[in-house]
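# Commentary on secondary and tertiary structure
Take a look at the letters that make up each chain.
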Amino acid sequence: MTEYGRGPGSEPWHPEDPLYGDQGWGGQQSAHGQSQYGSQQQPYPHDPYAQQPQPQQPHDPYAQQHYQQQPGYGVPQDPYAQQPQQPQYDNGGWDTGQQTTAMPYDAQPADPYGGGQGGYGETHDYYGTPEAYPPPQPPGRREAAAPQQAPAENPDWDPEVQPEETHPFFTGADDRDGNDDEQDDDPRESRRGSRGGNERRGKGKKKSRSGFACLVVSLVLVGGLGGVSYFGYTYWKDKFGSAPDYAGSGSGSVEVEIPKGAFGSDIGNILKKQGVVKSVDAFVSAQSENPKGKSIQAGVYLLHEKMSAAEALKMMVDPKSQNLLVIPEGSRDVAIYGMVDKKLGLKKGTTKEIATSKRSELGLPGWAVNGKDVKDPLEGFLYPAAYPVTKETKPETLLKKMVSRANEEYDKLDLEGTAKKYKLDGPWQVLTVASLVQAEGLTHDDFRKMAEVAYNRLKPDNVATNRKLEFDSAFNYLKNQSKIKIGSNEIRTNPDPYNTYYHPGLPPGPISNPGDEALRATLNPTSDGWMFFISLDGKKTQFTKTAAEHEKLNDKFKEQHGLQ
């Protein structure tokens, strides 16, 4: 026997043991003269079990090694009995640091003590010192190890070294610091083994750092949650909340000019800049809720400061709230000059003087005639519409806008083509016919019939009136009046070029500013053969085709009004 109480081939129980040797319990050395995996060792003569090999036992975790009975452990056991060795299991006892050596299934293991010295001589006990490793326990007295999951064979990582989380948020270090008992029960502590002592020595310093880190993480989370909540509320308010708006009808007075072609958002921006409404969205919302919201026209509006969007829209759809100069269809230039003076607060006649002195600067087209018999070259070019007016507006500014609007509308019409079709002398005479139609007609149907009457009377073969138009409106124009009762003697003896009862053909120029309906009717008259018309009451126009029919109606008219 050796100092360990076993035969040759044994080894210490731990890799750091000074006597650590070959393969430990997992692979014994063979006895003298015998192969490790060869035939059986010859038994000693006094061994009663030598001729009786033990049958192979089923999967006994403790049958893979044979231990010598130490004194004082109970029932004596023959250390030399030959028994088959079973496959060894890893991590069954103390770790030897070696890989498990697989045993053949049919080979009989050699007696690890066969080549040892006889007897039990006294030797030095290497397990008797405090620093020594504990001696192995017999299989019958080993304590059952806690059930653990067997690690995978040949792992590519060290199962003894577990990766540790260092951040206190994941390790929960603060919770363990506050409760020592819970820390002792932490399964991670049991896995660390004796290293836990070193960790506990630095507990105080780690606790302060962990608490501060936890506070920082908490503040970051709370701040992030607050930021998300704020932006979420702002987004919801912008998308689904009501837009900022003033309350009431406001105060003061503000002039707001809306350009042509402005949409709801454009109008809202203008109102917001002028301090009328609080937000564009509020105005757009009010416009969509009001059935008349889309009917806002270009112009200047008199509004109040800090109005609710609904009140501002209500004023804008009411024509009374607009600061506009409205030119009615069929108005004469002389009447328009008076309107401008009144609207701008100017001395009477101021606008007429400017129209005369600055006529060439107002933008008249090249086909406009400035003949000696033309009473006002601007007649027919001050287009009837609504024009915005502010306190700073000047007369020439308004006149330029009117002429510009007339040019724009006339360019949309085929005046040249109409002149050729009805043998007129260019667009100027077409505009003159339109001004007569506008002055005599009352409705759209009247306009088309009236245009046909004019073209029929201008024909060279007209023997009913001898190419005389005989329109009362032309005589009223030269007189600057609007009368229905005109005596036959007066109207047929006045030689003024604008008197169509006296002169055949058209007057020298337009007698009014026609609107869109009269212009289009002039370009598209009826073709029913109308030659005469008369209005008995000034509300309805009656048309006839023959002179006889007309004379009957004319006699009735004279009788009603007491005319000779």
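This one's a predicted model, so the numbers in the text were calculated from it and none came from an experiment.

## What about the overall build of the chain?
On a plain count of helices and strands, the chain comes out with 19 helices and six strands. Out of the 564 residues in the chain, the part that is buried amounts to 37%. Partitioning the intrachain contacts of the chain with sequence separation of at least 6 by distance along the chain shows that 64% fall at a separation of at least 24. Accessible surface for the chain amounts to roughly 33,900 Å². Of this, 51% is attributable to carbon and sulfur atoms.

## What about the pattern of salt bridges?
A complete count under the given rule lists seven salt bridges for this structure. Lys358 is the partner of Glu396 in a salt bridge, and the nearest nitrogen-oxygen pair spans 3.5 Å. Of the two residues, Glu396 sits in helix α12 (residues 395–410) while Lys358 sits in the loop between α11 (350–357) and β4 (386–388), which places them 38 residues apart along the sequence. The exposure class of Glu396 is buried, given its relative accessible area of 18%. Here Glu409 and Arg405 are joined by a salt bridge, their closest N and O atoms 3.2 Å apart. Residue Glu409 and its partner Arg405 are located together in helix α12, separated by four residues, close to a single helical turn. With relative accessibility at 28%, the residue Arg405 sits in the partly exposed group.

## Concerning the nonpolar core
Counting 58 residues, the largest nonpolar core has Leu382, Leu398, Met402, Tyr410 and Leu424 as its most contacted members. Those elements that provide at least two residues to this core are α10 (333–344), α12, α13 (415–421), α14 (426–440), α15 (444–457), α16 (472–479) and α18 (516–523). Among the elements that make up this core, the one with the highest residue count is α14 (seven residues). Core analysis: the second largest hydrophobic core is formed by 18 residues, Val277, Ala286, Ile296 and Tyr301 among them.

## A few points about α18
Turning to α18, its buried residues number three or more, namely Ala518, Leu519, Ala521 and Thr522. Along α18, the residues classed as buried sweep out an arc of 165° about the axis, all on the same side. Tucked inside the fold, the buried residues of α18 contact α12, α13, α14 and α15.

## Here's the deal with the packing of α14 against α18
Any two packed helices are characterised by the angle at which their axes cross and by the distance between the axes. Between α14 and α18, the least distance of the axes is 9 Å, while the angle of their chain directions is 120°. Taken together, α14 and α18 sit at an angle that is classed as oblique. Here the hand of the crossing between α14 and α18 comes out right-handed. Taken together, the residues of α18 that come into contact with α14 (itself represented by Val430, Leu431, Val433, Ala434, Val437 and Gln438) are Ala518, Leu519, Thr522 and Leu523.

## As for α14
Think of an α-helix as 3.6 residues a turn; residues three or four steps apart then line up on the same face. Helix length check: α14, at 15 residues, gives a terminal C-alpha distance of 22 Å against a target of 21 Å (1.5 Å per residue), a fit within 8%. Counting buried positions along α14 gives 13 out of 15 residues, so the element sits mostly inside the fold.

## Considerations on the environment of Thr393
Its location among the elements puts Thr393 in the loop between β4 and α12. Of the residues examined, Thr393 reaches a relative accessible area of 16% and is grouped as buried. Separated by 50 residues in the primary sequence, Thr393 and Lys343 place their C-alpha atoms 9.9 Å from one another. Not counting residues within four places of it along the chain, the set of residues in contact with Thr393 comprises Leu344 and Leu398. Here the side chain of Thr393 touches Thr390 through a polar contact of 2.8 Å, landing on its backbone nitrogen.

## A closer look at the packing of helix α7 (residues 264–273) against helix α8 (residues 280–289)
Interaxial distance between α7 and α8 falls to 8 Å at its minimum, and their mutual angle equals 135°. Classified by the angle their axes make, α7 and α8 are oblique. As α7 runs across α8, the sense of the crossing is right-handed. Along its contact with α7, which presents Gly264, Ser265, Ile267, Gly268, Asn269, Leu271 and Lys272, the element α8 presents Val280, Phe283, Val284 and Gln287. Residue composition of the contact of α7 with α8, grouped by class: five nonpolar, five polar and one charged.

## A closer look at a nonpolar patch on the surface
A cluster of nonpolar side chains, contributed by Phe212, Val216 and Val220, occupies part of the molecular surface with about 300 Å² of accessible area. Looking at where Val216 falls in the secondary structure, it is placed in helix α6 (residues 203–240). By relative accessible area, Val216 is classed as partly exposed at 35%.

Each value, and the rule that gives it
What you see as residue numbers is a count from 1 along each chain, following the sequence as written. Whole-chain, interface and lining totals are the exception, using all residues; otherwise, since this is a predicted model, local features are given only for residues with pLDDT of at least 70 and side-chain atom pairs are given and counted only at 80 or more. Here the side-chain values reflect all heavy atoms present in the structure, with hydrogen atoms and water set aside. Helix and strand assignments come from DSSP, with helices taken as H or I runs of at least 4 residues and strands as E runs of at least 2, each series counted from the N terminus. Residue exposure (1.4 Å probe, protein chains only): buried if accessible area is under 20% of the type maximum, exposed if over 50%, otherwise partly exposed. Two residues qualify as a contact provided that any one of their heavy atoms is within 4.5 Å of a heavy atom in the partner residue. Exposure was quantified through the Shrake-Rupley algorithm and a 1.4 Å probe, taking into account, for residues, occlusion by the shown protein chains and nothing else. Any carboxyl oxygen of Asp or Glu within 4 Å of a side-chain nitrogen of Lys or Arg constitutes a salt bridge here. As used in this record, nonpolar core signifies buried Ala, Val, Leu, Ile, Met, Phe, Trp, Tyr and Cys residues forming a set joined through side-chain atoms within 4.5 Å. Our arc is simply the arc of the directions from the helix axis toward the C-beta atoms. What counts as an axis is a line fitted to C-alpha atoms, over the stretch in contact for a helix, and the angles between N-to-C directions run from 0 to 180 degrees. We call two directions roughly parallel when the angle between them is under 35 degrees, roughly antiparallel when it is over 145, roughly perpendicular when it lies between 65 and 115, and oblique otherwise. Working rule for handedness: look at the near helix, and if it is turned counterclockwise from the far one by less than a right angle, call the crossing left-handed; if clockwise, right-handed. An expected span of 1.5 Å times one less than the residue number is assigned to each helix. Contacts described as polar in this section are N or O atom pairs within 3.5 Å, which, within protein, must combine one atom able to donate a hydrogen with one able to accept it, while residues neighboring in sequence count only if both atoms come from side chains. Each residue gets one of three labels, nonpolar for Ala, Val, Leu, Ile, Met, Phe, Trp, Tyr, Cys and Pro, charged for Asp, Glu, Lys and Arg, and polar for the others, Gly among them. The patches reported here contain residues having more than 30% relative accessible area and no salt bridge. Joining distances are 9 Å for like charges and 5 Å for nonpolar side chains (Val, Leu, Ile, Met, Phe, Trp, Tyr).

Everything listed is a geometric property; what it means functionally is a separate question.
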